[in-house]
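Structure assessment
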Amino acid sequence: MSASTAFTAAIVPAAGLGTRFLPTTKAVPKELLPVVDTPGIEYVAKEAAEAGATRLIIVTSPGKESVAQYFQPRPELEKTLEDRGKTELLEKIRRAPNLIAVETAIQEQALGLGHAVGCAEPNLRPEDEAVAVLLPDDLVLPTGVLARMAKVREEKGGTVLCAFDIPREEISAYGVFDVEATDDDDVKKVNGMVEKPPAAEAPSTFAAAGRYLLDRAIFDALKRITPGAGGELQLTDAIALLISEGHPVHVVVHRGGRHDLGNPGGFLRAAVDFALEHPEYGPGLRAWLRDRVGSE
């Protein structure tokens with residue numbers, strides 16, 4: 001991949017209040033809630049690192065410093081575990097600090113996803129011609145879509161987004177892409193985007209997911225869009241502005257699954273899914289679920 005199309009920086013917007021998880025999120029940021037035994041943000045950081053990112057810019061808010069602290073080494077704890085021969089636990093707590101270099105950007109007010117992404121601009125370096133954005137509420141499975149998106153950007157330039165093919169009867173809950181075909185069934189050229197259209201009026205069944213590979217031009221576009229309801233700056237409005245000016249935008253259709261960690265119901269499904277695959281907890285949980293569901 002050429003230097004002009006590779007990305008090494010990834011932005012994770014994590015400044016929200018986590019209101020759907022109150023009262024827990026009074027004290028514990030939503031991003032640190034464990035999916036079995038690993039916080040969701042570690043899964044997202046690992047995905048970014050596997051796709052080539054070397055720096056993770058966490059956009060956070062005052063009072064949520066612990067999200068970035070999670071990626072810092074804990075020498076005293078490491079020594080205690082080492083002295084006690086707890087090698088497996090030692091490996092676990094060293095995992096996140098060794099994944100990727102983490103830095104923060106502060107979003108003082110929750111003014112939309114576009115605003116959150118814009119807050120990370122001062123963290124970028126001159127060589128960062130593209131930047132990945134991963135929404136921590138979305139676990140995209142299996143991982144690997146960002147690497148595919150980078151390959152599409154290498155071929156076609158511009159901005160590349162991730163999309164899921166959603167049943168039409170469910171499409172009105174999503175931001176939907178207006179697309180045209182390319183020579184690859186899983187790559188579409190984007191001509192526009194409609195937010196939560198009625199199913200019959202949706203321009204396609206391809207809906208936005210929480211993965212973006214944005215050309216650096218997005219930051220200039222974010223400065224030129226008008227705030228919407230509540231004074232929020234929407235990332236989709238900035239992307240729409242770029243499209244209108246001829247900037248190439250494509251989507252990669254991801255044929256895998258996803259988990260929504262942004263609400264307790266989705267979080268529970270993710271936890272059960274991951275726990276069933278866990279060598280220690282999976283067999284017992286599977287047997288318990290059969291008994292529990294069977295007794296209904």
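Above: the structure in question.
First, a word on what this report is: a plain description of the structure on this page. Owing to the predicted nature of the structure, the values given are computational and were not obtained by experimental measurement.

1. Section: the overall build of the protein
Each helix and strand counted, the protein has 10 helices and 13 strands in total. What you see for the protein is a C-alpha radius of gyration of 20 Å, in line with the 19 Å of a compact globule of 296 residues. Dimensions of the protein, computed from C-alpha atoms along their principal axes, come out at roughly 60 × 50 × 40 Å. By the burial criterion, 46% of the 296 residues in the protein qualify as buried.

2. Re empty space enclosed by the protein
Over the atoms, a rolling probe the size of a water molecule traces out where space has been left empty. Counting across every chain of the model gives one cavity of 30 Å³ or more. Each pocket or cavity is described by its volume, and for the largest cavity that value is around 50 Å³. Forming the walls of the largest cavity are K30, E31, L33, G40, I41, P136, D137, L261 and F267.

3. Section: the pairing of strand β8 (residues 159–165)
Of all seven residues in β8, six are buried, a share of seventy percent or more. Direction of pairing for β8 relative to strand β12 (residues 249–253): parallel, over a ladder of five bridges. What sits directly across from L161, in β12, is V251.

4. Focus: the packing of helix α7 (residues 217–224) against helix α8 (residues 235–244)
Two elements in contact, α7 and α8, have axes whose closest approach is 9 Å; the angle formed by their N-to-C orientations is 105°. Classified by the angle their axes make, α7 and α8 are roughly perpendicular. Each of A217, I218, A221, L222 and R224 in α7 lies in contact with α8, whose residues at this interface are L235, A238, I239, L241 and L242.

5. Details of the packing of aromatic side chains
Scanning the entire structure with this criterion turns up three aromatic pairs. Ring centres of Y43 and F274 lie 4.9 Å apart, and the angle between their planes is 65°; this geometry places the pair in the edge-to-face category. Separated by 231 residues along the polypeptide, Y43 in helix α1 (residues 40–50) and F274 in helix α9 (residues 264–276) bring together distant segments of the chain. Exposure remark for Y43: the relative accessible area of 23% places this residue in the partly exposed category. Consider the rings of Y70 and F71, whose centres lie 5.4 Å apart with planes at 85°: the pair is edge-to-face. The exposure class assigned to F71 is buried, which follows from its relative accessible area of 3%. Cation over ring: R258 sits above F164, and NZ or CZ is 5.1 Å from the ring centre.

6. Considering the packing of α9 against helix α10 (residues 282–294)
Where α9 contacts α10, the axes come no closer than 7 Å and their chain directions differ by 120°. One way to sum up the angle between α9 and α10 is to call them oblique. Residue-level inspection shows V272, A275 and L276 of α9 in contact with α10, the latter providing G282, L285, R286 and L289. In terms of residue class, the contact of α9 with α10 is built from five nonpolar, one polar and one charged.

7. A few points about the nonpolar core
Ranked by size, the top nonpolar core spans 46 residues in total, and within it F7, L56, L134, M149 and L213 carry the most contacts. At five residues, the largest contribution of residues to this core is made by helix α6 (residues 145–156). One finds L135, L161, V179 and I239 within the second-largest nonpolar core, a separate group that totals 37 residues.

8. Observations regarding the environment of K46
Here K46 lies in helix α1. Using a relative accessible area of 43% as the deciding quantity, one classes K46 as partly exposed. On a C-alpha basis, the gap between K46 and I100 in space is 7.9 Å, while along the polypeptide they are 54 residues apart.

9. Things to note about the environment of E154
Its location among the elements puts E154 in helix α6. With 131 residues separating them along the chain, E154 and L285 place their C-alpha atoms 44 Å apart.

10. Describing the layout of surface pockets
Quantified by volume, the largest pocket comes out at close to 1500 Å³. Around the largest pocket, the lining is made up of 45 residues, and of these R20, L113, L135, D137 and Q234 lie nearest the centre. Contributing elements (two or more residues each) for the lining of the largest pocket: α5 (113–119), β10 (187–195), β11 (206–215), α8 and β13 (257–260). Partitioning the lining of the largest pocket into residue classes produces 21 nonpolar, 12 polar and 12 charged.

Definitions and cut-offs
- Residues numbered from 1 in each chain as written.
- Predicted model: local features only at pLDDT ≥ 70, side-chain atom pairs only at ≥ 80, totals over all residues.
- Heavy atoms only, no water.
- Helix = DSSP H or I, 4+ residues; strand = E, 2+ residues; numbered from the N terminus.
- Rg over C-alpha atoms; globule rule 2.2 N^0.38 Å.
- Buried < 20%, exposed > 50% of the residue type's maximum accessible area, 1.4 Å probe, protein only.
- 1 Å grid on protein atoms, 1.4 Å probe; cavity = no way out; pocket = protein on both sides within 12 Å on 5 of 7 lines; lining within 4 Å.
- Points joined across faces, edges and corners; volume = space filled by probe spheres on them.
- Pairing = 2+ DSSP bridges.
- Axes fitted to C-alpha atoms, helices over the stretch in contact; angles between N-to-C directions.
- Parallel < 35°, antiparallel > 145°, perpendicular 65-115°, else oblique.
- Contact = heavy atoms within 4.5 Å.
- Phe/Tyr/Trp six-rings, centres within 6.5 Å; stacked < 30°, edge-to-face > 60°.
- Lys NZ or Arg CZ within 6 Å of the ring centre and 35° of its normal.
- Nonpolar A, V, L, I, M, F, W, Y, C, P; charged D, E, K, R; others polar.
- Core = buried A, V, L, I, M, F, W, Y, C linked by side-chain atoms within 4.5 Å.

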